[in-house]
Amino acid sequence: MNVAYVFPGQGAQYVGMGQALIDHYPVARAVFEEADDVLNMNLTKLILSGPDDELKLTYNTQPALLTMSVAVLRVLAERVDIQPAAVAGHSLGEYSALVAADAISFQDAVRLVYQRGRMMDEAVPAGHGAMSAVLGLDEDSLAAACSQAAEETGEVVELANINCPGQIVISGTTAAVARASELAKASGAKRVLPLAVSGPFHCSLMRPAADALGELLDSTEIHDAKVPVVANVDGHPRTTAADLREALKRQLYTPVRWWDGVLAMRRLGVDIVIELGPGTVLSGLVRKIDKSLETLHAEDPATLDAVCTRMTSGGEEA
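In this text the structure is predicted, and so the values were computed from the model without any measurement. (Residues numbered from 1 in each chain as written. Predicted model: local features only at pLDDT ≥ 70, side-chain atom pairs only at ≥ 80, totals over all residues. Heavy atoms only, no water.)

## Structural notes on the environment of Ser 171
Threshold: Helix and strand definitions here come from DSSP, where helices need a minimum of 4 consecutive H or I residues and strands a minimum of 2 consecutive E residues; each element is numbered from the N-terminal end. Any pair of residues with heavy atoms lying within 4.5 Å of one another is described as a contacting pair. In the analysis that follows, any N or O atom pair within 3.5 Å is treated as a polar contact, provided that within protein one partner can donate a hydrogen and the other can accept it, and provided that, for residues neighboring in sequence, both atoms belong to side chains.
Within the fold, Ser 171 resides in strand S5 (residues 167-173). Each C-alpha atom, one on Ser 171 and one on Arg 238, is 26 Å from the other, the two residues being 67 residues apart in sequence. Non-local contacts of Ser 171, meaning those with residues more than four positions away in its chain, are made with Ala 130, Met 131, Val 156, Val 157, Glu 158, Ala 160, Val 177, Pro 200, Phe 201 and Cys 203. Only 2.8 Å separates the side chain of Ser 171 from the backbone oxygen of Phe 201, close enough to count as a polar contact.

## Overview of the packing of helix H12 (residues 258-267) against helix H13 (residues 281-289)
What counts, and what does not: Every axis in this analysis is a line fitted to C-alpha atoms, fitted for helices over the stretch in contact. Angles between the N-to-C directions lie between 0 and 180 degrees. Orientation labels follow simple angle bins: below 35 degrees gives roughly parallel, above 145 gives roughly antiparallel, 65 to 115 gives roughly perpendicular, and whatever is left gives oblique. Residues are grouped as follows: Ala, Val, Leu, Ile, Met, Phe, Trp, Tyr, Cys and Pro are nonpolar; Asp, Glu, Lys and Arg are charged; all remaining types, including Gly, are polar.
Where H12 meets H13, the axes come as close as 10 Å, and the angle between the chain directions of the two elements is 70 degrees. Classed by the angle they form, the pair H12 and H13 counts as roughly perpendicular. Contact with H12, carried on its side by Trp 258, Trp 259, Val 262 and Leu 263, involves Leu 282, Leu 285, Val 286 and Ile 289 of H13 and no other residues of that element. Residue classes in the contact of H12 with H13 are distributed as 8 nonpolar, no polar and no charged.

## Comments concerning the pattern of salt bridges
The cut-off we apply is this: The term salt bridge refers to a pairing of a side-chain nitrogen on Lys or Arg with a carboxyl oxygen on Asp or Glu at a separation within 4 Å.
The final tally for this structure, using the stated rule, is 15 salt bridges. Across the pair Arg 79 and Asp 305 runs a salt bridge, and its minimum N-O distance is 2.7 Å. Of this pair, Arg 79 sits in helix H5 (residues 58-79) while Asp 305 sits in helix H14 (residues 301-311); the two residues are 226 residues apart in sequence, bridging distant segments of the chain. Linking Arg 266 and Asp 290 is a salt bridge whose minimum nitrogen-to-oxygen distance equals 3.0 Å. Taken together, the residues span a long stretch of sequence, with Arg 266 in helix H12 and Asp 290 in the loop between H13 and strand S10 (294-298) at a distance of 24 residues. Residues joined by salt bridges that share partners form a network here, namely Asp 234, Arg 238, Glu 246 and Arg 250.

## Let's talk about the packing of helix H10 (residues 207-218) against helix H11 (residues 241-251)
We apply this condition: Left-handed describes a crossing whose near helix is turned anticlockwise from the far helix by less than a right angle; the clockwise case is right-handed.
The contact between H10 and H11 brings their axes to 8 Å, and the two run at 160 degrees. As summarised for this structure, H10 and H11 are arranged roughly antiparallel, according to the angle between their axes. Between H10 and H11 the crossing geometry is right-handed. In this structure, H10 contributes Ala 210, Leu 213, Gly 214, Leu 217 and Asp 218 to the contact, and H11 contributes Arg 245, Leu 248 and Lys 249.

## With respect to the nonpolar core
Soluble globular proteins tend to bury their nonpolar side chains together. This is how it is decided: Put simply, buried Ala, Val, Leu, Ile, Met, Phe, Trp, Tyr and Cys residues joined by side-chain atoms within 4.5 Å make one nonpolar core. Partly exposed describes any residue whose relative accessible area lies between the buried limit of under 20% and the exposed limit of over 50%, with all areas from a 1.4 Å probe on protein chains only and scaled to the type maximum.
Grouped together as the largest cluster of nonpolar side chains are 77 residues, with contacts concentrated most on Tyr 5, Leu 66, Ile 274 and Leu 276. Looking at which element gives the most residues to this core, the answer is H5, with 11 residues. Ignoring anything within four residues of it in the chain, the contact list for Tyr 5 reads Leu 73, Leu 76, Ile 82, Pro 84, Ala 86, Val 87, Ala 88, Ile 274 and Leu 276.

## Notes on H13
For H13, the set of buried residues is Leu 282, Ser 283, Gly 284, Leu 285, Val 286 and Ile 289. Residues of H13 that are buried make contact with strand S1 (3-7), strand S4 (157-164), S5, H12, strand S9 (272-276) and S10.

In structure tokens:
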């Protein structure tokens, strides 16, 4: 079996995630404590007890999700000996993937994503940006709707996440996203769902944040990846430190090409995709892209047990 690890992005978080991991696994507790030390704040208390509105703040959500995903990763590594054929993450989740590939240390990743969240928050004033999920319209038709809306409004609206067949997210100014949503419906979209986000991510409005983040990335130690990291920006596997750094710099203002990334993992021979972290959103997207891929999910003792059982069904657990 060839396994890929995938890691969720913003929106997967919930208050209380990780409590069972901390209670059952010392290695998981150590990850949460490490994050607290690096950020000099009680991130663990916020994750476990909330309040929810504070956890949802971008600069808290991002290190919280990274910490949760890496805690699951470390528990899994203690229990079974798996060398994934590839790793990937959705937006923020790409940083978890880089930790899994030993391309970046957990400490550096926590610092980076906290600052990434701050920069994303500050790039566009609150209320001036929006994102919406468009269901049932192809990429070319939606791109045309965005182009027309941008021309009519004189503002920015662009494709942000190409998630799977029939699900694409658009991002931009509030007015331009609203107009593109109208045009998408007129072009045959089944539904358009506004997303509860704090900013217009993965579009050109994030260039200021990307430029600032690029300076931080240049001063952060990044190594060649031990396994291919399938990048959001183009869905291509990357292993060299230079390629990984370049992809992270572009990631904030270009679309997340998740659909392409899953197809790339399939070409690498992957037949099982394991989602590490809260929720099963990515597993659902994977199944919509390629029904032949088996999906598993790990975020607590019960789901970790299930993954370990599946992974060791042909051998002994490590």
